[in-house]
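Summary of the model geometry
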Amino acid sequence: MKSLKELTRPNIWALKPYSSARDEYSGKEASVFLDANENPYNTPNNRYPDPLQRELKDMIALVKKVTPEQIFLGNGSDEAIDLVFRAFCRPGIDNVVAIDPTYGMYQVCADVNDVEYRKVLLDDTFQFKADELLAASDENTKLIFLCSPNNPTGNNLCRKEILTLLEKFQGLVIVDEAYIDFSDEPSLTGDLKQYPNLIVFQTFSKAWGCAAIRLGMAFASPDIIGILSKIKYPYNVNRLTQQEAIQMMHKHYEVQRWVQSLLNERERMIKEFAKLSCCTHIYPTDANFFLTKVCNAKAIYDYLVEKGIIVRNRSGITLCQDCLRITIGTRPENDALLEALRKYKP
Ligand SMILES: *Cc1c(COP(=O)(O)O)cnc(C)c1O
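Here we summarise the structure given alongside this text.

Cut-offs applied
- Residues numbered from 1 in each chain as written.
- Predicted model: local features only at pLDDT ≥ 70, side-chain atom pairs only at ≥ 80, totals over all residues.
- Heavy atoms only, no water.
- Helix = DSSP H or I, 4+ residues; strand = E, 2+ residues; numbered from the N terminus.
- Rg over C-alpha atoms; globule rule 2.2 N^0.38 Å.
- Buried < 20%, exposed > 50% of the residue type's maximum accessible area, 1.4 Å probe, protein only.
- Contact = heavy atoms within 4.5 Å.
- Areas by Shrake-Rupley, 256 points an atom, 1.4 Å probe, with all protein chains shown as cover.
- Lys, Arg positive; Asp, Glu negative; His and termini not counted.
- Charge placed at Lys NZ, Arg CZ, Asp CG, Glu CD.
- Polar contact = N/O pair within 3.5 Å; in protein donor to acceptor, adjacent residues only side chain to side chain.
- Axes fitted to C-alpha atoms, helices over the stretch in contact; angles between N-to-C directions.
- Parallel < 35°, antiparallel > 145°, perpendicular 65-115°, else oblique.
- Pairing = 2+ DSSP bridges.

1. Thoughts on the overall build of the chain
Scanning the chain for helices and strands turns up 13 helices and eleven strands. For 346 residues, the compact-globule estimate of 2.2 N^0.38 gives 20 Å, and the chain sits close to it at 22 Å. Overall size of the chain, expressed as C-alpha extent along the three principal axes, is 70 × 50 × 30 Å. Per-residue burial for the chain yields a buried fraction of 52% across its 346 residues. Partitioning the intrachain contacts of the chain with sequence separation of at least 6 by distance along the chain shows that 69% fall at a separation of at least 24. Accessible area of the chain: about 16700 Å², with a carbon and sulfur share of 52%. Of the side chains in the chain, 42 bear a positive and 45 a negative charge, and the two mean positions are spaced by 3 Å.

2. A short note on the side chain of Thr189
You can see Thr189 is positioned in the loop between β5 (172-176) and β6 (198-203). Look at Thr189 and you get buried, because its relative accessible area is 11%. Within the structure, Thr189 has its side chain in polar contact with the side chain of Ser187 (distance 2.9 Å). Those residues in contact with Thr189 that sit more than four places away from it in its chain are Lys64, Val66, Val200, Gln202 and Phe219.

3. With respect to the packing of helix α10 (residues 239-250) against helix α11 (residues 252-274)
Taken N-terminus to C-terminus, the directions of α10 and α11 make an angle of 75 degrees; their axes are 4 Å apart at the nearest point. Our classification of the angle between α10 and α11 gives roughly perpendicular. Contact residues: Met248, Met249 and His250 in α10; His252, Tyr253, Val255 and Trp258 in α11.

4. Overview of the sheet that holds strand β1 (residues 71-74)
An order of β1-β7-β6-β5-β4-β2-β3 is seen for the seven strands of this open sheet, with the pairing classed as mixed. Since the sheet does not close on itself, it has two edges, and those belong to β1 and β3 (116-121), each with one partner. Between one strand axis and the next, the sheet turns by 20 degrees as a mean value, whatever way the strands run. For β5 and β6, the ladder comprises four bridges, and the chain directions are parallel. Among the inter-strand pairings, Val175 is bridged to a residue of β6, identified as Val200. Lying on the sheet, helix α9 (residues 222-231) is in contact with β1, β5, β6 and β7 (216-219); it crosses β1 at an angle near 25 degrees.

Everything listed is a geometric property; what it means functionally is a separate question.
Encoded structure:
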């Protein structure tokens, strides 16, 4: 890997971050806080939240078996995705490489930041070759985006190829693990020490059942985390979100129960889909959704909407012609979908 200084935009490397009142005094001993122009009434929402999110990071560190210095927390993974562009990619000069198809936000953030987005097609099992991604890169390629389990295809990417890429690529490799809790593969957070160019994204929006609170995580070397932390908005994760996430960490066992029942339902749904006449293929999945090829995606999508059941039509996506993406719901929700599809007449 190149040095972090070479990979970081020079203005960001030189940046002196905004120093908030809570950065300058963050102790708890004081009882009189007259430093941040807050209103003394309306406790506790009158106070600015902890800009360093220490209590929450300490808990996440325990659960994820990393150190607090290896954690960045953002307003959803979306914030982390945007920040890696702003930290490492010079607009109009640098580029990034990504697999195709994958999550649409990487390209949107590339476009917003005026950074060239280079796509490399997955093969027919939705896997990639490290050498093909390297061949698409040049000296201005700062980031490579992977997503495992991948959205919208659902499958894990081959671990061996990811590690090869981490060893050979001179820039940073981002592995988005939004769906890792539904997968049998271990998270790459266990490999952070060995690969200083690795950034792993996770989120509270899926297995944790907290899409509404907007909390995303990035795990990387303390040096990379330091750069992201210095350019984030000072109070990017609000107090309500920090509090709710801390409550969720105490209910860890409940999340595991949700995941287990979603995995059971996933297995049942795939078996039932295989019997449907309108379903022509089901792609293997390691996530809380699956991709299925159907006889006519648009017609079936419209038919389901009519019945008040919404799935995702992925027909317009590369390699996904006539594919629907089905999120696993509760048993009654899944039954409603199956019942509707059994009655479908093309
Ligand atoms: C759902 C999803 C996310 C989550 O984004 P948040 O901003 O944290 O809600 C991230 N990456 C992928 C690939 C996803 O599918």
